[in-house]
Amino acid sequence: VQLQASGGGLVQAGGSLRLSCAASGRTFSVYDMGWFRQAPGKEREFVAAISRSGGSTYYADSVKGRFTISRDNAQNTVALQMNRLKPEDTAVYYCAADRPGGATPLRSDEYDYWGQGTQVTVSS
(Lines give C-alpha, C1' and ligand atoms only; values in the text may rest on other atoms or scores of the structure.)
Protein backbone atom coordinates (compact mmCIF):
# COMPACT_ATOMS: atom_id res chain seq x y z
CA VAL A 1 0.00 0.00 0.00
CA GLN A 2 1.20 3.53 -0.75
CA LEU A 3 0.39 6.37 1.61
CA GLN A 4 0.19 10.10 0.94
CA ALA A 5 -0.14 12.48 3.87
CA SER A 6 -1.36 16.06 3.54
CA GLY A 7 -2.85 18.89 5.53
CA GLY A 8 0.12 20.19 7.47
CA GLY A 9 0.91 23.86 7.84
CA LEU A 10 1.60 26.75 10.16
CA VAL A 11 -0.93 27.53 12.88
CA GLN A 12 -0.97 29.57 16.04
CA ALA A 13 -1.14 27.91 19.43
CA GLY A 14 -4.72 27.02 20.26
CA GLY A 15 -5.62 26.53 16.62
CA SER A 16 -6.60 23.44 14.69
CA LEU A 17 -5.40 21.43 11.73
CA ARG A 18 -6.73 18.34 10.02
CA LEU A 19 -4.26 15.90 8.53
CA SER A 20 -5.33 13.40 5.94
CA CYS A 21 -3.65 10.28 4.63
CA ALA A 22 -4.77 8.73 1.36
CA ALA A 23 -3.96 5.09 0.67
CA SER A 24 -3.69 3.33 -2.64
CA GLY A 25 -5.14 -0.09 -3.30
CA ARG A 26 -8.46 -1.76 -2.75
CA THR A 27 -7.68 -3.50 0.56
CA PHE A 28 -7.32 -0.46 2.82
CA SER A 29 -9.79 -1.86 5.33
CA VAL A 30 -7.44 -4.72 6.29
CA TYR A 31 -4.76 -2.37 7.64
CA ASP A 32 -4.49 -0.92 11.10
CA MET A 33 -3.44 2.70 10.69
CA GLY A 34 -1.36 5.01 12.80
CA TRP A 35 -0.02 8.54 13.01
CA PHE A 36 3.46 9.29 14.29
CA ARG A 37 5.48 12.47 14.56
CA GLN A 38 9.11 13.42 14.69
CA ALA A 39 10.44 16.71 15.96
CA PRO A 40 13.96 17.92 15.13
CA GLY A 41 16.55 16.08 17.18
CA LYS A 42 13.99 13.68 18.62
CA GLU A 43 12.92 10.15 17.91
CA ARG A 44 9.74 9.35 16.06
CA GLU A 45 6.90 9.01 18.54
CA PHE A 46 3.45 7.50 18.51
CA VAL A 47 0.50 9.90 18.24
CA ALA A 48 -2.62 7.87 17.49
CA ALA A 49 -3.80 4.60 15.97
CA ILE A 50 -7.05 3.15 14.72
CA SER A 51 -8.11 -0.42 14.18
CA ARG A 52 -9.08 -1.88 10.82
CA SER A 53 -12.79 -1.34 11.37
CA GLY A 54 -12.36 2.01 13.08
CA GLY A 55 -13.96 0.61 16.20
CA SER A 56 -10.92 1.06 18.41
CA THR A 57 -8.70 4.11 18.73
CA TYR A 58 -5.56 4.76 20.74
CA TYR A 59 -3.79 7.97 21.68
CA ALA A 60 -0.57 9.13 23.24
CA ASP A 61 -1.18 10.78 26.59
CA SER A 62 0.22 14.04 25.23
CA VAL A 63 -2.57 14.37 22.66
CA LYS A 64 -5.48 12.65 24.37
CA GLY A 65 -8.53 14.90 24.46
CA ARG A 66 -7.11 17.19 21.76
CA PHE A 67 -6.56 14.93 18.75
CA THR A 68 -9.02 12.57 17.07
CA ILE A 69 -8.14 9.83 14.61
CA SER A 70 -10.75 8.55 12.18
CA ARG A 71 -10.91 6.57 8.98
CA ASP A 72 -13.14 6.18 5.97
CA ASN A 73 -12.64 2.74 4.47
CA ALA A 74 -14.82 3.57 1.49
CA GLN A 75 -12.55 6.50 0.62
CA ASN A 76 -9.28 4.81 1.65
CA THR A 77 -8.40 7.65 3.99
CA VAL A 78 -7.40 8.16 7.59
CA ALA A 79 -7.54 11.56 9.24
CA LEU A 80 -6.08 13.21 12.31
CA GLN A 81 -8.07 16.15 13.64
CA MET A 82 -5.80 18.23 15.85
CA ASN A 83 -7.35 20.82 18.14
CA ARG A 84 -5.93 23.12 20.80
CA LEU A 85 -2.51 22.80 19.23
CA LYS A 86 0.58 23.59 21.26
CA PRO A 87 4.09 24.61 20.19
CA GLU A 88 5.31 21.21 21.39
CA ASP A 89 3.12 19.58 18.73
CA THR A 90 5.48 20.98 16.09
CA ALA A 91 6.88 18.06 14.10
CA VAL A 92 6.73 16.18 10.85
CA TYR A 93 3.69 13.94 11.00
CA TYR A 94 3.65 10.53 9.31
CA CYS A 95 0.85 8.12 8.61
CA ALA A 96 1.59 4.42 8.65
CA ALA A 97 -0.10 1.13 7.87
CA ASP A 98 0.34 -2.24 9.54
CA ARG A 99 -0.03 -5.50 7.60
CA PRO A 100 -3.06 -7.54 8.65
CA GLY A 101 -2.80 -9.68 11.75
CA GLY A 102 -2.54 -9.10 15.48
CA ALA A 103 -3.55 -6.19 17.64
CA THR A 104 -3.37 -2.55 16.55
CA PRO A 105 0.28 -1.61 17.00
CA LEU A 106 1.44 1.41 18.93
CA ARG A 107 5.18 1.22 18.14
CA SER A 108 6.70 2.58 14.97
CA ASP A 109 8.74 -0.58 14.37
CA GLU A 110 5.52 -2.58 14.09
CA TYR A 111 4.31 -0.65 11.05
CA ASP A 112 5.15 -1.79 7.56
CA TYR A 113 4.26 1.11 5.26
CA TRP A 114 4.89 4.82 5.69
CA GLY A 115 3.80 8.02 4.03
CA GLN A 116 6.20 10.83 3.21
CA GLY A 117 5.35 13.09 6.14
CA THR A 118 3.72 16.49 6.43
CA GLN A 119 5.11 19.39 8.46
CA VAL A 120 3.06 20.87 11.29
CA THR A 121 4.37 24.05 12.88
CA VAL A 122 2.64 25.62 15.86
CA SER A 123 3.73 29.13 16.76
CA SER A 124 3.44 30.51 20.26
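In this report, we go over the structure that sits alongside the text. (Residues numbered from 1 in each chain as written. Predicted model: local features only at pLDDT ≥ 70, side-chain atom pairs only at ≥ 80, totals over all residues. Heavy atoms only, no water.)

**Here we look at the environment of Y94**
- Structurally, Y94 is set in strand β9 (residues 91-98).
- Owing to a relative accessible area of 14%, Y94 belongs among the buried residues under this scheme.
- In sequence terms Y94 and L106 are 12 residues apart; their C-alpha atoms lie 13 Å from each other. (Helix = DSSP H or I, 4+ residues; strand = E, 2+ residues; numbered from the N terminus. Buried < 20%, exposed > 50% of the residue type's maximum accessible area, 1.4 Å probe, protein only.)

**Some points on unusual backbone geometry**
- One non-glycine residue, N76, lies in positive phi territory at about 60°.
- The phi dihedral of R84 is positive, around 50°, even though this residue is not glycine.
- Along the chain, the position of R84 falls in the loop between β8 (77-82) and β9.

**Overview of the nonpolar core**
- Core analysis: the largest hydrophobic core is formed by 34 residues, its most contacted members being M33, W35, L80, M82 and Y93.
- Residue assignment for this core shows that the elements contributing at least two residues are β1 (3-6), β3 (17-23), β4 (32-38), β5 (45-50), β7 (67-72), β8, β9 and β11 (118-123).
- Beyond its immediate chain neighbours, meaning those up to four positions away, L80 contacts L17, R18, L19, W35, V47, A48, F67, T68, I69 and Y93. (Core = buried A, V, L, I, M, F, W, Y, C linked by side-chain atoms within 4.5 Å. Contact = heavy atoms within 4.5 Å.)

**Thoughts on the pairing of β5**
- Of all six residues that make up β5, five are buried, and the element is covered over most of its length.
- With five bridges joining them, β4 and β5 adopt antiparallel strand pairing. Each residue of the ladder has a partner; that of M33, found in β5, is I50.
- Hairpin connection from β4 to β5: six residues lie between these consecutive antiparallel strands, with G41 at a positive phi of about 75°.
- Pairing between β5 and strand β6 (residues 57-59): three bridges, direction antiparallel. Paired with A49 across the strands is Y58, a residue of β6.
- If you look at the hairpin formed by β5 and β6, you'll find six residues sitting between the two strands, and G54 has a positive phi there, around 90°. (Pairing = 2+ DSSP bridges.)

**Concerning the side chain of R71**
- Note on placement: R71 falls in strand β7.
- There is a polar contact of 2.8 Å between the side chain of R71 and the backbone oxygen of Y31.
- Among the polar contacts listed, one links the side chain of R71 to the backbone oxygen of S51, at a separation of 2.9 Å.
- Discounting chain neighbours no more than four positions away, the residues touching R71 are F28, S29, Y31, D32, M33, I50, S51, R52, S53, G54, T77 and V78. (Polar contact = N/O pair within 3.5 Å; in protein donor to acceptor, adjacent residues only side chain to side chain.)

**Here we look at the environment of A91**
- Note on placement: A91 falls in strand β9.
- A C-alpha to C-alpha distance of 25 Å links A91 and G54, two positions 37 residues apart in sequence.
- If near-sequence neighbours (up to four positions away) are discounted, A91 is found in contact with R37, Q38, A39, T118, Q119 and V120.

Purely geometric stuff here, so don't read any function into it on its own.
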